[in-house]
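# Notes for the structure review
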Amino acid sequence: MFEISRISDDTIALSGRFDASQVKKATEFLAPVDCSITFDLADLDYISSAGLGVLVATYKRLDQSGKTVKLKNLSGHIQTVFKFSGLDRIFQIIRD
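The model shown is predicted, which means the values in this text are computed figures rather than measured ones.

Where strand β2 (residues 11-18) and strand β3 (residues 37-47) come together, 7 bridges link them in parallel fashion. Within β3, the residue paired with Ala13 across the bridge is Asp40. Summarising the sheet, β3 and strand β4 (residues 69-72) pair through 4 bridges and their orientation is parallel. Note on β4: the bridge partner recorded for Ile37 is Val69. In this region the chain leaves β3, passes through helix α2 (residues 49-63) and returns to the parallel neighbour β4; the handedness of that crossover is right-handed.

We now examine the pattern of salt bridges. All told, the structure shown has 1 salt bridge when counted by the stated rule. Lys24 is the salt-bridge partner of Glu28, the closest N and O atoms lying 4.0 Å from each other. Of this pair, Glu28 and Lys24 both sit in helix α1 (residues 23-30), separated by 4 residues, roughly a single helical turn.

With that out of the way, let us pick up the packing of aromatic side chains. By the definition in use, this model includes 3 aromatic pairs. Between Phe2 and Phe18, the ring centres sit 4.5 Å apart and the planes meet at 25 degrees, which makes this aromatic pair stacked. One end of the pair, Phe2, is in strand β1 (residues 2-8); the other, Phe18, is in strand β2, and 16 residues separate them in sequence. Among the aromatic residues, ring-to-ring pairing joins Tyr59, Phe82 and Phe91 into one connected group. Here Arg17 stacks its cationic end above the ring of Tyr46, 4.1 Å away from the centre of that ring.

The rules behind the values
Residues numbered from 1 in each chain as written. Predicted model: local features only at pLDDT ≥ 70, side-chain atom pairs only at ≥ 80, totals over all residues. Heavy atoms only, no water. Pairing = 2+ DSSP bridges. Helix = DSSP H or I, 4+ residues; strand = E, 2+ residues; numbered from the N terminus. Right-handed = clockwise from strand over helix to strand, strands pointing away. Salt bridge = Lys/Arg side-chain N within 4 Å of Asp/Glu carboxyl O. Phe/Tyr/Trp six-rings, centres within 6.5 Å; stacked < 30°, edge-to-face > 60°. Lys NZ or Arg CZ within 6 Å of the ring centre and 35° of its normal.

What follows is the structure in C-alpha cells.
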C-alpha cells in the first residue's frame, strides 16, 4: 500500500510501495505544490522507475521556478536506487 501525505508546510512523506499503479495518486497530490519541499522517505519500502519519474517531474517543475526538492531519511535500499539511477546527483539528499 502506498501513502502520500503532507506532514508540514514543506515536508511530504511517502510510505509503502511507490510503483506505476500509484503514479496518478501521487501526481494529483503533488500538482498543486508550488513551494520548496522535502520528501521524507523513512517509510518508503520500494520505488519503481515510474515513481522516480513522478519525483523527477516534480523536481523539474519546481526547479523551473527556483524552488528546491530535497530527500531525507532514505533507507539503504532506497538510497541504492537513487545512486544507481544517478538521481543522487540531481536531488539534494539530507544525511543526518
